[in-house]
Amino acid sequence: MSDRHGRTDEGQTRKGEDGDGMDAAVRYSILGTVRAVRGEAELTVGPPKRLALLSLLLLRAPGPLTLSEAVDVLWEDDPPPSAVNVVHRHIGALRRVLEPGLSSRAEATHLVRAADGYRLLVDASTSDLLRFRELRAQARLAVRAKDPVRAARCLVEALRLWRGPVVAAGTPVSGHPAFVSVGHEFVAAAKEAADVVLTSAPEGAEEVLAVLRTAVDCHPFDEALHSRIIAALAATGRQADALRHFETVRTVLAEELGVEPGPGLRAAQQHLLQHGGGGGDDVSAGPAPVSREQCAAVAHLPADSTVFTGRQAEFAQLEQLLGPVGAGRPPGTTAVLCGMPGIGKTTLAVHFAHRSADRFPDGRIHVDLQGHHPTREPLDTQQAMRSVLDALGVPHDRHTSDGALTARYRAALAGRRLLLILDDARDCEHVRPLLPTAPAGLAVVTSRRRLEGLAVTHNARVVPLPPMSRAESLRLLDRRLGTHRTRAEPGAAQRIADLCAGHPLALTLAAARAQTNPHFPLTALAAHLTAQAGTLAPYTGPDPHTDLRHALDRTYQTLSPGAAVLFRRLSLHPAPDITVHTAASLTAADPRTAHRHLTELTDHSLLTETTPGHYAAHPLPVTYAAELARAHDTSAERSEAHTRMWQHYLHTAEAAVALLAPRHGSVALPPLLPGVRPQRFPGRPEAAAWLAAERAVLLALVRDTDRGPRDESLRKQLTEALEVSPHSPGP
């Protein structure tokens, strides 16, 4: 059926005098209102979710849109079980809009199947976004070829394609980071165009000025945009307007943010004053060249993770350091994200940097300090400083002395609202000289060490990253594999999440195995992980950057000899929780030494102090510790340590029972081996607390028939200790 304009039910124009025919190419717009047009006729795509789906396909083209991303964006939280089927139905409807005569999806030439999703077949001739990106790429090539006039022409043409932020009318997706990032491309292109046009093609300054004003409406605190507006006003002969613009911006910054203009804006004002800006609108001064200090806010960052999930509590702690929007200065200048290898420290830091772009108009810079790099030595302080200065475009002499370099670095950071991601710090001294001292900037440090010294010297907020919860783990698998797979086999997905114990790298490696074998059921992957439980084999491979065993080994190599021995002994303990006295017996050390070694392992994020004096280990490092024990310790050493641990619990349990139930029968205990440090209790409350806290360990020892003592009376002694009530009456 068609309406009086010749459109079918799906909005397809019929061939005839009202349309340009079915053979006309379909052109797509996304830089502004999302549209699909054949000839001169706009296609009616359909309801909001279908329009949003078309927007996602255009955004990802020429690459694929995975089903999991489509579900995640179209249903922000808690998608219904039918979500995947709904996407399939909308895809079918879109195909009918684009190719109404299509007899089989296998013959589709517009919208086709791709790995785990769909692909819209468009190029720069049919997609305004791809044409926009193509023109920007051509401009960069022209700049390298020293042809600024051609570069300016390409950039101006690219900006003419822009009709506003990406908006899919009636849908919520325009606020999603994937769509917001397209807006950042427009801002970056506007800055690039200003830099080229104002220095090489001043006849285009008026058009660039209009574009800059459009961009600054969406980013009112972007000083790099305001610097270029000042330069463009001067280039078009309006020096007085340029000075007034500077004063307006300075007032807004002071009232809204409580800060003074940064170096870029001040440089733009000074250039204006030095070239006759104090008089009337004299055009003889010509265009004001854009200095390096006026360049766009730097964004030297790795790509943000498209499957990021969870970490709300830790992200909120980082956001607290920014203070409320409009606050004069952030309340903190340093945060430390710490945790075991592969726990997601860098991923969270980079995600935070991308999400906080508008709070750091002077830039965001990532520096890999290589503190635990799999193949390289740690980056020294001077190298790191030079890296930041290079990113900021601050000139420096490669032969500058260390003192002079530090002074230049401090001066470059002073007053800048800059975010530094100082990634993979070896220790406090590795990163301390790089931290900002002025409150305008923020440094987010990631490290396997806790770096508590920075909390003392720099008031740093230490944010430990724990393993992910089961819900977060399942969400990560959803995003990696697609909900159509995880919800088809929920039991297998939960088993995979549990075997990976909330470890993001382990979960990602497991998901990668499933992705590379899409025809394998998840139950097969769960069975594979179950069969290899107790080893790190599923989480190792040829790439040292994603090899969990290699990552743990880099941490282990930094331990002191005593802490290394204790780490290996942890694999003998039957429960994840261990106390100082137990650690002392395991290693035949005095409690003070054992406490020092436990503190060292905690500092390296191989343990977590759950309550005072109680330390917990994640299953994967314990598995690695067992591998090390088999490789470095003799069977006699392991057996003796295990016997000491048994004796520790036997004698400590006997001491607790003697206080709580003195009339309870007992057996003769074997003499203590050298180095066993059983606990003694000052009173009944402490004895009762110990029995309650160690109940899981005592149960595990009783059930460990393979490695426990052969004397059943000793095992019975532990069993009876478990039966003693902490509230048993005294004598």
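In case you missed it, the structure is sitting above this.
By convention here, each chain's residues receive numbers from 1 onward along its written sequence. Owing to the predicted nature of the model, reporting of local features is limited to residues with pLDDT of at least 70; listing and counting of side-chain atom pairs is limited to 80 or more, with chain, interface and lining totals taken over all residues. To obtain the side-chain values, all non-hydrogen atoms of the structure were used and water was disregarded.

Asker: Please explain the overall build of the chain as it appears in this structure.
Answerer: Under the scheme used here, helices are H or I runs from DSSP no shorter than 4 residues and strands are E runs no shorter than 2 residues, and both carry numbers assigned from the N terminus. Check the secondary structure of the chain and you find 30 helices and 15 strands. Partly exposed residues are those whose accessible area sits between 20% and 50% of the maximum for their type, while under 20% is buried and over 50% is exposed, using a 1.4 Å probe and protein chains only. In the chain, which comprises 731 residues, the proportion classed as buried is 52%. In this description, contact between two residues means that some pair of their heavy atoms is separated by no more than 4.5 Å. At a minimum sequence separation of 6, the contacts of the chain that also span at least 24 residues come to 68%.

Asker: How do you make sense of unusual backbone geometry when you look at a structure like this?
Answerer: Negative phi values dominate among residues other than glycine, just as trans dominates among peptide bonds. A cis geometry characterises the amide bond from A61 onward to P62, with omega recorded as 5°. Checked against the element boundaries, P62 lands in the loop between α1 (48–60) and β4 (65–66). Its identity is not glycine, yet N459 carries a phi of approximately 50°, on the positive side. Within the secondary structure layout, N459 lies in the loop between α16 (452–457) and β12 (461–464).

Asker: Help me understand helix α14 (residues 402–413) in this model?
Answerer: Because the α-helix completes a turn every 3.6 residues, residues three or four places apart line up on one side. In this model α14 runs 17 Å from its N-terminal to its C-terminal C-alpha over 12 residues, within 8% of the 16 Å that 1.5 Å per residue would give. Every buried residue of α14 is accounted for by L405, Y409, A412 and L413. One side of α14 carries all its buried residues, which in axial view fall inside an arc of 95°. When the buried face of α14 is taken as reference, the exposed residues oriented beyond 90 degrees from it are G403 and A411. Elements in contact with the buried residues of α14: α13 (381–392) and β10 (419–425). At the exit of α14 stands G415, carrying a positive phi of roughly 80°. For a helix, the expected span equals 1.5 Å multiplied by the residue count minus one. What the arc covers is the set of directions going from the helix axis to the C-beta atoms.

Asker: Help me understand the side chain of T483, please; the structure alone is not making it clear to me.
Answerer: Looking at the secondary structure, you find T483 in helix α18 (residues 483–486). The residues touching T483, leaving out its near neighbours within four places in the chain, are S68, V71, V84, D478 and A488.

Asker: Before we go on, may I ask you to explain the nonpolar core in this structure?
Answerer: A general tendency of soluble globular proteins is for nonpolar side chains to be buried together. Core analysis: the largest hydrophobic core is formed by 87 residues, its most contacted members being Y28, L53, L54, L57, V87, L120 and L212. Ranked by residue count, the leading element in this core is helix α6 (residues 177–200), at 11 residues. When near neighbours in sequence (up to four residues on either side) are disregarded, L212 contacts A190, A194, L225, R228, I229 and A232. Core analysis: the second largest hydrophobic core is formed by 71 residues, A510, A641, L650 and A721 among them. To define a nonpolar core, start from buried Ala, Val, Leu, Ile, Met, Phe, Trp, Tyr and Cys residues and group those joined through side-chain atoms within 4.5 Å.

Asker: Help me out: how do you make sense of empty space enclosed by the protein in this one?
Answerer: Cavities and pockets are found on a 1 Å grid laid over the protein atoms alone: a cavity is a set of points where a 1.4 Å probe fits but cannot escape, a pocket is an open set with protein on both sides within 12 Å along at least five of seven lines, and a lining residue has an atom within 4 Å of such a point. Grid points are joined across faces, edges and corners, and a volume is the space filled by probe spheres set on the points. Counting across every chain of the model gives 4 cavities of 30 Å³ or more. Computed from the structure, the second largest cavity encloses a volume of approximately 40 Å³. As for the second largest cavity, its lining consists of L413, R416, L418, L420, P436, G441 and L442. Think of it as three bins: nonpolar holds Ala, Val, Leu, Ile, Met, Phe, Trp, Tyr, Cys and Pro, charged holds Asp, Glu, Lys and Arg, and polar takes everything else, Gly as well. Residues of the lining of the second largest cavity, tallied by class, amount to 5 nonpolar, 1 polar and 1 charged.

Asker: Sorry if this is basic, but what is going on with the sheet that holds strand β3 (residues 41–42) here?
Answerer: What links the strands of a sheet is backbone hydrogen bonding, and the strands pair in either a parallel or an antiparallel sense. Taken in spatial order, the 3 strands make up an open sheet running β1-β2-β3, and their pairing is antiparallel. The strands lining the two open edges of the sheet, one partner per strand, are β1 (26–29) and β3. Whether two strands pair comes down to DSSP finding at least two bridges between them. Both strand β2 (residues 35–38) and β3 contribute to a ladder of 2 bridges, which runs antiparallel. Its bridge partner lying in β3, V37 is registered against E42.

Asker: Got a minute to help me understand the environment of F308 in this structure?
Answerer: Tracing the backbone shows F308 in the loop between β7 (298–300) and α11 (312–322). With relative accessibility at 14%, the residue F308 sits in the buried group. Along the backbone, F308 and R475 are 167 residues apart, and their C-alpha atoms lie at a distance of 9.4 Å. The contact partners of F308, leaving out residues within four places of it in the chain, are T347, L348, H351 and R479.

Asker: In this structure, what is going on with the layout of surface pockets? I would like to understand it.
Answerer: A water-sized probe rolled over the atoms picks out the places where empty space is left. Of the volumes computed, that of the second largest pocket is approximately 1,000 Å³. Forming the boundary of the second largest pocket are 40 residues, of which G342, G344, T346, T347 and H545 lie nearest the centre. Of all the elements, helix α12 (residues 345–355) adds the most residues to the lining of the second largest pocket, at 5 residues. The residue inventory of the lining of the second largest pocket, partitioned by class, reads 15 nonpolar, 15 polar and 10 charged.

Asker: What is the right way to read the packing of α1 against helix α3 (residues 83–98) from this model?
Answerer: For any two helices packed against each other, one specifies the inter-axial angle together with the distance between the axes. As a packed pair, α1 and α3 sit with axes 10 Å apart at the nearest point and diverge in direction by 80°. With respect to α3, the element α1 is oriented roughly perpendicular. Every residue of α3 that contacts α1 at K49, R50, L53, L54 and L57 is listed here: V87, H90, I91, A93 and L94. For the contact of α1 with α3, a count of residues per class yields 7 nonpolar, 1 polar and 2 charged. Each axis is a line fitted through C-alpha atoms, taken for helices only over the stretch in contact, and angles between the N-to-C directions span 0 to 180 degrees. Comment on the angle field: the value is read as roughly parallel under 35 degrees, roughly antiparallel over 145, roughly perpendicular from 65 to 115, and oblique elsewhere.

Asker: How do you make sense of the pairing of strand β9 (residues 363–368) when you look at a structure like this?
Answerer: The side chains of a regular strand alternate between the sheet's two faces. Most of β9 sits inside the fold, with 5 of its 6 residues counted as buried. Sheet topology places β9 next to β10; 5 bridges connect them, and they run parallel. From the neighbouring strand, R364 faces β10, where its bridge partner is L419.

Asker: Looking at this structure, I do not really get the pattern of salt bridges. What am I missing?
Answerer: Side-chain pairing between opposite charges can occur once the charged atoms of the two side chains come close. By definition, a salt bridge exists where a carboxyl oxygen of Asp or Glu is found within 4 Å of a side-chain nitrogen of Lys or Arg. Tallying each qualifying case throughout the model produces 22 salt bridges. The partner of E42 in a salt bridge is R35, and the shortest N-O contact between them spans 3.3 Å. Overall, the relative accessible area of 38% leaves E42 in the partly exposed class. Note on R35: relative accessible area 33%, which makes it partly exposed. Of the charged contacts in the structure, one is a salt bridge between D427 and R426, with a shortest N-O distance of 3.4 Å. Judged by relative accessible area, D427 falls into the partly exposed class, the value being 22%. With relative accessibility at 34%, the residue R426 sits in the partly exposed group. Three or more residues are tied together by salt bridges with common partners; here these are R131, E134 and E157.

Asker: I would appreciate a short explanation of the sheet that holds strand β14 (residues 608–611) in the present structure.
Answerer: The antiparallel open sheet is built from 3 strands, whose spatial order is β13-β15-β14. This sheet does not close on itself; its edge strands, each paired only once, are β13 (577–579) and β14. With strand direction ignored, the average angle separating the axes of adjacent strands in the sheet is 40°. The pairing of β14 with strand β15 (residues 614–616) spans 3 bridges and is classified as antiparallel. When the sheet's bridge partners are listed, T608 is paired in β15 with A616. Taken strand by strand, helix α25 (residues 591–603) contacts β13, β14 and β15, and its axis lies near 40° from that of β15.

Asker: What is the right way to read the packing of aromatic side chains from this model?
Answerer: We describe a pair of aromatic rings using the distance from one ring centre to the other and the angle between the two ring planes. Centres within 6.5 Å make a pair out of two Phe, Tyr or Trp rings, where for Trp the six-membered ring is used; the pair is then stacked when the planes are under 30 degrees apart, edge-to-face when over 60, and tilted otherwise. Scanning the model with the defined rule gives 8 aromatic pairs in all. Taking 6.2 Å as the distance between ring centres and 35° as the angle between the ring planes, the aromatic pair formed by Y649 and W690 counts as tilted. Taken together, the residues span a long stretch of sequence, with Y649 in helix α27 (residues 635–660) and W690 in helix α28 (residues 684–693) at a distance of 41 residues. Taken as a pair, Y649 and W690 share a single burial class, namely buried.

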